[in-house]
Amino acid sequence: MSTGTLTVDLAAMAANWTALDAMSAGETGAVVKADAYGTGIGRAARRLAQTGARKFFVAVAQEGADIRQALGPDPEIYILSGHMSGDTDIIADLNLIPLLSSIDQMLRHFEALPGTSFGIQLDTGMNRLGMEAGEWDAVRTLVLPQNPKLIMSHLACADEPTHPMNAQQLAAFIEMTGGIDAPRSLAATGGILLGPDYHFDVTRPGIGLYGGLPFTDAHPVVSIELPIIQTRDVAVGESVGYGNTWIAQRPSRIVTVSCGYADGILRAMGPKTTLFAAGVAVPIAGRISMDSIGVDLTDAKDVPSHLELVGPNQSIEMLAQNAGTIGYEILTSLGARYARRYAG
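Residues numbered from 1 in each chain as written. Predicted model: local features only at pLDDT ≥ 70, side-chain atom pairs only at ≥ 80, totals over all residues. Heavy atoms only, no water.

Draft legend 1. Spatial organisation of the pattern of salt bridges. Counting across every chain of the model gives seven salt bridges. The salt bridge partner of R250 is D299, with a shortest N-O separation of 3.1 Å. Pair noted here: R250 is in the loop between β13 (246-247) and β14 (252-258) and D299 is in the loop between β17 (292-296) and β18 (306-310), with a separation of 49 residues, a long-range link. We classify D299 as exposed; its relative accessible area is 52%. When salt bridges with common partners are traced through the structure, they connect E27, K55, E76 and K149 into a single cluster. (Salt bridge = Lys/Arg side-chain N within 4 Å of Asp/Glu carboxyl O. Helix = DSSP H or I, 4+ residues; strand = E, 2+ residues; numbered from the N terminus. Buried < 20%, exposed > 50% of the residue type's maximum accessible area, 1.4 Å probe, protein only.)

Following this line, the structure appears as structure tokens:
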């Protein structure tokens, strides 16, 4: 095959959910937005449901439709962007639960779909989504008799356990939701790791399910192999790739692999990233281009059919560090051209 192979270990994903569920004081849901962080929303959701998840969180209503198709009528599916204009039919038809983030969304939902399920998202200091304290105070007595399914907020700095913002947001959430009978949720993966004070009734692990930080004990979920499509000998002084940024200092064996920044292999990671040939580190030679990458295979014993990009020798988080970004971006940038295979 001329495309890379992306393997998703569903057993590892299930084990990560089970571990995070064991840490959670309340019920554990699952965040499967952005195509389940690039792993495939249908397959991931089905395996997580089989493992025990009953609440699923997505970013937009169309993702909710994908989950409903994969899982059927029973699981609760929450839309983090709330009830947007144009979403009314899909929310009603598929029994989705919008997390209303503003008074405008609240009025839209109550007028268009009276008596149907909804949740509320509060802003406790992140200033991204959610009603601020003043807005919430103004509508709280109107909202609570309608029986919201969930009241949630989101932590801005949960991946830094000692950051003062965590305690600040916790205090704000407690103040804004005190005396409320509806289920509450504050913690995603990082919040789960902060301890039970942050767990409330429902936790919402995301990145930890897919093997990413800050869940350091997570099982790796994704591996990537790239096919070699050409091999050549390069003489001293010859260059490889755009801009002549790599020039051979010795007689070199250069291979070209089929993958590039169109597949989520970011250009910025090139100078610090190696691939692996049967466990031997082989560096990228030159710039990562859209569809291909040059790799210096001079120190490898043989030329295999594929090189490992992500696997036992290199994690998603290592690639993220090489690119100056985070594992979330690497996972969710993985393109559509990979041959996706599922294990476990």
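Draft legend 2. Region of the structure containing the packing of aromatic side chains. Under the counting rule described, the total for this entry stands at five aromatic pairs. When the ring of F173 is compared with that of F200, the centres are 5.0 Å apart and the planes differ by 85°; the resulting orientation is edge-to-face. Residue F173 is found in helix α8 (residues 164-177), and its partner F200 is found in the loop between α9 (189-194) and β10 (202-203); the two are separated by 27 residues along the sequence. Residues F173 and F200 agree in their burial class; the two are buried. The structure contains a cluster of three or more aromatic residues connected by ring pairs, namely Y37, Y210 and Y328. (Phe/Tyr/Trp six-rings, centres within 6.5 Å; stacked < 30°, edge-to-face > 60°.)

Draft legend 3. Spatial organisation of the nonpolar core. Among the nonpolar cores identified, the biggest contains 75 residues, and L48, F56 and L307 are the most heavily contacted of them. Excluding residues that lie within four positions of it along the chain, L307 makes contacts with I224, E225, L226, I228, V255, V257, L275, F276, A277, V282, V295 and L297. Counting 14 residues, the second largest nonpolar core, distinct from the first, contains W136, V139, I151 and I180. (Core = buried A, V, L, I, M, F, W, Y, C linked by side-chain atoms within 4.5 Å. Contact = heavy atoms within 4.5 Å.)

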